[in-house]
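# Structural overview
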Amino acid sequence: MKITIEALEFPLCVKENLLKIPKISKLHIEFVNGKNIHFDKTNLSINEPYQIIISND
């Protein structure tokens, strides 16, 4: 079984809008790209969503 992984770039407009908020800009924000994982010769696929990780260190 062959697996195809397609990386999805995190949308820049969302990044820019989040970083413009003053209270959030003081926090450490990490943006993780999403993925589309497709199993060839099947009708199965997995969509891994974008992630925003916010920490206060």
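Here, the structure is the one placed above.
Figured I'd write up the structure that's included with this text.

So, how was this worked out
- Residues numbered from 1 in each chain as written.
- Predicted model: local features only at pLDDT ≥ 70, side-chain atom pairs only at ≥ 80, totals over all residues.
- Heavy atoms only, no water.
- Helix = DSSP H or I, 4+ residues; strand = E, 2+ residues; numbered from the N terminus.
- Buried < 20%, exposed > 50% of the residue type's maximum accessible area, 1.4 Å probe, protein only.
- Contact = heavy atoms within 4.5 Å.
- Pairing = 2+ DSSP bridges.
- Axes fitted to C-alpha atoms, helices over the stretch in contact; angles between N-to-C directions.

### A look at unusual backbone geometry
The phi dihedral of K41 falls on the positive side, at around 65 degrees, and the residue is not glycine. Structurally, K41 can be placed in the loop between β3 (34-39) and β4 (45-48).

### Remarks on the environment of N36
Of note, N36 is situated in strand β3. Given the relative accessible area of 24%, N36 is considered partly exposed. Sequence separation between N36 and K15 is 21 residues; the distance between their C-alpha atoms is 20 Å. Setting aside residues no more than four positions away along its own chain, N36 makes contact with T4, I5, E6, L8, I46 and N47.

### Digging into the sheet that holds strand β1 (residues 3-8)
Taken together, the three strands give an open sheet; going across it, the order is β1-β3-β4, and neighbouring strands pair in antiparallel fashion. In the strand order of this sheet, the two ends are held by β1 and β4, each with one partner. Ignoring strand direction, the axes of neighbouring strands in this sheet form an average angle of 10 degrees. Summarising the sheet, β1 and β3 pair through six bridges and their orientation is antiparallel.

### Re the pairing of strand β2 (residues 28-32)
Residues I29 and F31 point to one face of β2 and are all buried, whereas H28, E30 and V32, pointing to the other face, are not buried. Relative to strand β5 (residues 51-55), β2 runs antiparallel, the two sharing five bridges. Paired with I29 across the strands is I54, a residue of β5.

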